[in-house]
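Below are the chains, spelled out letter by letter.
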Amino acid sequence: MSFITTRLRQFPLHFVSGISFLAAFFFIAKQVNSLGFIEIQSLTNPFFYGSFFLVGLALSSTIFFTTPYKQKPLVEQCFLFLLTLLPTILTVFIGVICSKNFHFIFQLGSGLGLIATAGLFYYRFIQNQDTPTSGLSCKTWWQKQGAPTLFLVLFLTLTFFSFGFIRLGQYAAVDEPLWLYGRISQYWNNIGDGEFHKTDVSDKPGITVSLLSGTALLSYDPDDYDDLRRDGEVFINRNLNMAQFFAAFRFPILLFVSLLLPLLYFLLERALGRGAALLPFALLATSPILIGVTKIINPDALLWLFTTLALVSYLVFQKRAYYRYLFLSGLFLGLALLTKYIANIVFVYLLLLLFVEYLYHPKLTRRAFSDYLKKSLLQIGFVIFVALSTFYIILPANWVDPMELIQGTILSQAFVKVAPLFLGLIFLILLDENLNQSRIIGFALKWLGHFRLTLARIPLFIFFGSLLFVLITTWSGMSVYNFMQLIASPKTISSKSDIFGIFITNFYPLTFGMTPLALFGILTSGLFLLRKRFWQSTSLRFGFYMILFALVYYLGATVNGVASIIRYQIIIFPLVALLGGIGLFHLARFIESKYQLQKDQAVLVFTLLTLIVGFTTLARTHFPLSYASSLLPSKYYIDLKDMGPGSYEIAEQLNALPNAKETLIWTDKDGVCQFFVGRCKRGNNQEVITDQDIDYVVISSAREVRTGHMIRSRYESNPLEVVPIHLFYEYNNPDFEVHINGRQSHYVRAFKY
């Protein structure tokens, strides 16, 4: 007995932990069917609740009021408290996964307990790291930027917001009805009803879209604006202002993105320096496609910014070593996961970057790889921890079913194919580290270090060679690969092309979706990246990492047999915009050196040039998401799966008809029906395409492949009854016409039938 008493005095927390674990184990046994054989019938739930209370009381008394624990810092005391309860928390957490009979408070509480324990572990880890003791204060940083730089950042941000705000409601985008009339309301209604398990309203999952656009529910009821459909005809309450309704739900996203842009500049400045940050920021803020995608209610409107912020924050940490940037990286990665599951690719990229950074960072090659690996894995682990914690806390479905966390990451549709490879690689890395102190991987990297330049030039030649190949192929008439035909059916491209064709087609929207100045900057960066020891420049190394991300993304799309249209690769556009800015910056520095100009003189000129070119480009781009560079021949366009540009404009032209309210039209674009004041039919059902009373047929170039083909098949099987709508795609004398951004090949046309 004295032995037990002695052990209790020496290890009181072990005893409390064991008692708490047993109580939790028998508690979950009452709810989990597979543990029913050890259930103690005489112990009721109140008994366990009382046990947990007594354990908590005993543990609190031990840690906070007894020697020597009370002498420890508060953070250390909290860590001991949670560490003692960790077996209990894990037991309850596993129990709520195995059974749905628990109240959600146990599910949420056990999840938050694990997050708090891991959070305190990382807090202690960070406290023991050699981090810079001081940094710039906000005031000092503000003064170092200077008034001209801050003015340009503010002006660029306002430019982005202003061009996004123009005609914000005069547009009806494809897929938006899924959010406007379904998912956003469902998310908030499910929270209000306490049905947390139903808050995962989409497979995207688009939670951030629901959070932001959901603020418009305070003023608008989507049910009042939703259309009714009967026999293919669309019925809408014409007394309501649809443009105002659309703008109300789009505005929160536009405002949120605009407010985060200065933060992006701050992070770029921390990573690259003031001069090297301003030009990339200017190209990004004046990108028509990024402004265009921010104007729609869709996960892509937020994904590009969250992913960019996550990557840039991580690279800032690599330079500055402040863990707050690592926290920001995890936070924005978590928000990106909540927006669209494709963000899981960042996990793969961070693992790749671990090895690439060791090869190309000038200071890291002098360190032992084993030490670097341990520290880097813990740092990446911190990013993943913050990202998953953010995902868990903000999506209530996780509280009820923690497996949603796995479904949104490892088992997500975007990640499930590479998950085995990713996990297997991590296993091999850890195996080599634990059994061999990373000697095998370390030796391999040391050996590869002798060929760094050659290794770097492989992805560089692939990237820049692909850009040039697309330019030359397009300018020569697409005789080798017809990118227009290939990208028209992005998910079935594998049946039309070889694997190289799939890969190279990804570069078509990218090459001509950038402004000529941005593309010039991208190609210019290649001249500097192909130099020896380019990695000694932080900004060029940053640009190299952006190229690697783009190639990893395109490789993943190619393996999956998918061509990346504009929206599918929206996360690449900001990264290559940053790359273009880096190219212009180094060109400016070269000019300053060659002509003995004052420092930043050429940088300022290039920044103003970027602003002027960007401003004039945006002013001439009526439909920014469908932007196509002036370098693209007029007979081509890149937005073959467009989101509905021109719907409002063609509807307004038809509304000017003297008998517009009695006019019946058929259209292949849903958006036209939203703004047309007369009768409107949509679709290719039998009752629709056999209606001989149609007055006008409204067709668009972007729907020719899909809709035209389907109606042609119906017509050929029943030519006497089916209206030959497919023939109108071949006519060139419309009664009304809208050219998208003035491009003759991209249009919406209306023909009198």
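Up top is the structure.
Residues numbered from 1 in each chain as written. Predicted model: local features only at pLDDT ≥ 70, side-chain atom pairs only at ≥ 80, totals over all residues. Heavy atoms only, no water.

## Overview of a nonpolar patch on the surface
On the surface, a cluster of nonpolar side chains totalling about 600 Å² of accessible area is made up of Phe 443, Trp 447, Phe 451, Leu 455, Ile 458 and Ile 462. Looking at the nonpolar patch, the elements that each hand over two or more residues are helix 21 (439-448) and helix 22 (452-475). It is helix 22 that contributes the most residues to the nonpolar patch, 3 residues altogether. Among the structural elements, Phe 451 can be located in the loop between helix 21 and helix 22. With relative accessibility at 36%, the residue Phe 451 sits in the partly exposed group. (Patch = residues over 30% accessible without salt bridge, like charges linked within 9 Å, V, L, I, M, F, W, Y side chains within 5 Å. Areas by Shrake-Rupley, 256 points an atom, 1.4 Å probe, with all protein chains shown as cover. Salt bridge = Lys/Arg side-chain N within 4 Å of Asp/Glu carboxyl O. Helix = DSSP H or I, 4+ residues; strand = E, 2+ residues; numbered from the N terminus. Buried < 20%, exposed > 50% of the residue type's maximum accessible area, 1.4 Å probe, protein only.)

## Points about the nonpolar core
In this structure, Trp 304, Phe 463, Phe 507, Tyr 508, Leu 510, Phe 544 and Tyr 545 are the most contacted members of the largest nonpolar core, which totals 221 residues. Among the elements that make up this core, the one with the highest residue count is helix 11 (residues 242-272) (17 residues). Contact partners of Phe 544, with chain neighbours within four places excluded, come to Val 356, Tyr 360, Ala 456, Pro 459, Leu 460, Leu 529 and Phe 534. (Core = buried A, V, L, I, M, F, W, Y, C linked by side-chain atoms within 4.5 Å. Contact = heavy atoms within 4.5 Å.)

## Side note on unusual backbone geometry
Notably, Ala 321 is not glycine yet its phi reads approximately 65°, a positive angle. Judged by relative accessible area, which is 27%, Ala 321 ranks as partly exposed. If you check the backbone angles, Ser 438 has positive phi at about 60° while not being a glycine. For Ser 438, the location among the structural elements is in the loop between helix 20 (419-436) and helix 21.

## Concerning the state of the cysteines
Taken as a whole and judged by the stated rule, the model has 1 disulfide. What pairs with Cys 673 in a disulfide is Cys 680, and their sulfur atoms sit 2.0 Å apart. Here the S-S torsion is close to -60°, and the disulfide linking Cys 673 with Cys 680 is therefore left-handed. Summarising the burial analysis for this pair, Cys 673 and Cys 680 share the class buried. (Disulfide = S-S within 2.5 Å.)

## Points about the environment of Asp 226
Mapped onto the secondary structure, Asp 226 falls in the loop between helix 10 (222-225) and strand 1 (228-230). For Asp 226, a relative accessible area of 30% corresponds to the partly exposed category. Along the sequence, Asp 226 and Ile 236 sit 10 residues apart, while their C-alpha atoms lie 7.1 Å from each other.

## Focus: the pattern of salt bridges
Taken as a whole and judged by the stated rule, the model has 19 salt bridges. Between Arg 589 and Glu 592 there is a salt bridge; the shortest N-O distance is 2.8 Å. Taken together, the residues Arg 589 and Glu 592, both in helix 28 (residues 572-594) and 3 residues apart, mark about one turn of the helix. Ionic pairing is found between Glu 737 and Arg 749, a salt bridge with its closest N-O pair at 2.8 Å. A residue pair is termed long-range when its members are at least 10 positions apart, and Glu 737 in strand 6 (residues 736-739) and Arg 749 in strand 7 (residues 747-752) qualify at 12 residues. In this structure Glu 737 comes out as partly exposed when scored by relative accessible area, which is 27%. The structure contains a network of salt bridges with shared partners spanning Asp 175, Asp 300, Lys 340 and Arg 567.

## Here's the deal with the environment of Asn 685
Along the polypeptide, Asn 685 turns up in the loop between strand 4 (679-682) and helix 32 (686-689). A C-alpha to C-alpha distance of 53 Å links Asn 685 and Thr 607, two positions 78 residues apart in sequence.

## Comments concerning the pairing of strand 4
Relative to strand 4, strand 2 (residues 233-235) runs antiparallel, the two being bridged by 2 bridges. Bridging across to strand 4, Val 234 finds its partner in Cys 680. Taken together, the 4 bridges between strand 3 (residues 664-667) and strand 4 define a ladder with parallel strand orientation. Residue pairing in the sheet places Ile 665 in a bridge with Cys 680 of strand 4. Taken together, strand 3, helix 31 (residues 670-675) and strand 4 constitute a β-α-β crossover, and its handedness is right-handed. (Pairing = 2+ DSSP bridges. Right-handed = clockwise from strand over helix to strand, strands pointing away.)

## Quick notes on the packing of helix 2 (residues 12-29) against helix 4 (residues 74-98)
The interhelical angle for the contact between helix 2 and helix 4, taken along N-to-C directions, is 15°, at an axis separation of 9 Å. Comparing their axes, helix 4 and helix 2 come out roughly parallel. Handedness of the crossing formed by helix 2 with helix 4: right-handed. In contact with Leu 13, Val 16, Ser 17, Ser 20, Phe 21, Ala 24, Phe 25 and Ile 28 of helix 2, helix 4 contributes Leu 80, Thr 84, Leu 85, Pro 87, Thr 88, Thr 91, Val 92 and Gly 95. Here the residues of the contact of helix 2 with helix 4 are counted per class, giving 10 nonpolar, 6 polar and no charged. (Axes fitted to C-alpha atoms, helices over the stretch in contact; angles between N-to-C directions. Parallel < 35°, antiparallel > 145°, perpendicular 65-115°, else oblique. Left-handed = near helix turned anticlockwise from the far one by under 90°. Nonpolar A, V, L, I, M, F, W, Y, C, P; charged D, E, K, R; others polar.)

## Observations regarding helix 3 (residues 45-65)
Between its terminal C-alpha atoms helix 3 stretches 30 Å, which fits the 30 Å expected from 21 residues at 1.5 Å a residue. The complete set of buried residues in helix 3 reads Phe 48, Ser 51, Val 55, Gly 56, Leu 59, Thr 62 and Ile 63. Buried residues of helix 3, seen end-on, are gathered within an arc of 135° and therefore sit on one face of the element. Across from the buried face of helix 3, at angles greater than 90 degrees, the exposed residues are Pro 46, Phe 53, Leu 54 and Phe 65. In the core, the buried residues of helix 3 are packed alongside helix 2 and helix 4. (Expected span 1.5 Å × (residues − 1). Arc of directions from axis to C-beta.)

## So, the pairing of strand 5 (residues 696-700)
Most of strand 5 is tucked away: 5 of the 5 residues are buried. Burial of the side chains of strand 5 extends over both faces: Tyr 696, Val 698 and Ser 700 are buried on one face and Val 697 and Ile 699 on the other. Summarising the sheet, strand 3 and strand 5 pair through 3 bridges and their orientation is parallel. When the bridges of strand 5 are listed, Ile 665 appears paired with Tyr 696. One ladder, built from 5 bridges, connects strand 5 with strand 7; its direction is antiparallel.

## Comments concerning the packing of helix 14 (residues 300-320) against helix 15 (residues 323-339)
At their nearest, the axes of helix 14 and helix 15 sit 8 Å apart, and the two run at 160° to each other. What the angle tells us is that helix 14 and helix 15 run roughly antiparallel. In this structure, helix 14 crosses over helix 15, and the sense of that crossing is left-handed. Residues Leu 302, Leu 303, Phe 306, Thr 307, Leu 309, Ala 310, Ser 313, Tyr 314, Val 316, Phe 317 and Arg 320 of helix 14 touch helix 15, and the partners they reach there are Tyr 323, Tyr 325, Leu 326, Leu 328, Ser 329, Phe 332, Leu 333, Leu 335, Ala 336 and Thr 339. Looking at side-chain class alone, the contact of helix 14 with helix 15 contains 16 nonpolar, 4 polar and 1 charged residues.

## Comments concerning the sheet that holds strand 4
Overall, mixed pairing links the 7 strands, which are arranged 1-2-4-3-5-7-6 in an open sheet. At either end of the open sheet lies a strand with only one pairing partner, and these are strand 1 and strand 6. In this sheet, adjacent strand axes meet at a mean angle of 25° when their direction is disregarded. Relative to strand 7, strand 6 runs antiparallel, the two being bridged by 4 bridges. Residue Phe 736 lies in a different strand from strand 7, and its bridge partner there is Ala 750. Sheet strands in contact with helix 30 (residues 647-655) are strand 3, strand 5, strand 6 and strand 7, and its direction is about 155° off that of strand 6.

## Details of helix 30
The buried fraction of helix 30 amounts to 7 of the 9 residues, a majority that puts the element mostly inside the structure. Turning to helix 30, its buried residues are Ser 647, Tyr 648, Glu 649, Ile 650, Ala 651, Leu 654 and Asn 655. For helix 30, the elements touching its buried residues are strand 3, helix 31, strand 5, strand 6 and strand 7.

## A few points about the side chain of Gln 145
Its place among the elements puts Gln 145 in helix 6 (residues 138-145). For Gln 145, a relative accessible area of 2% puts it in the buried group. In this structure Gln 145 touches Leu 150, Tyr 265, Glu 269 and Arg 274, once residues within four positions along its chain are discounted.

Don't take any of this as a statement about function, it's just geometry.
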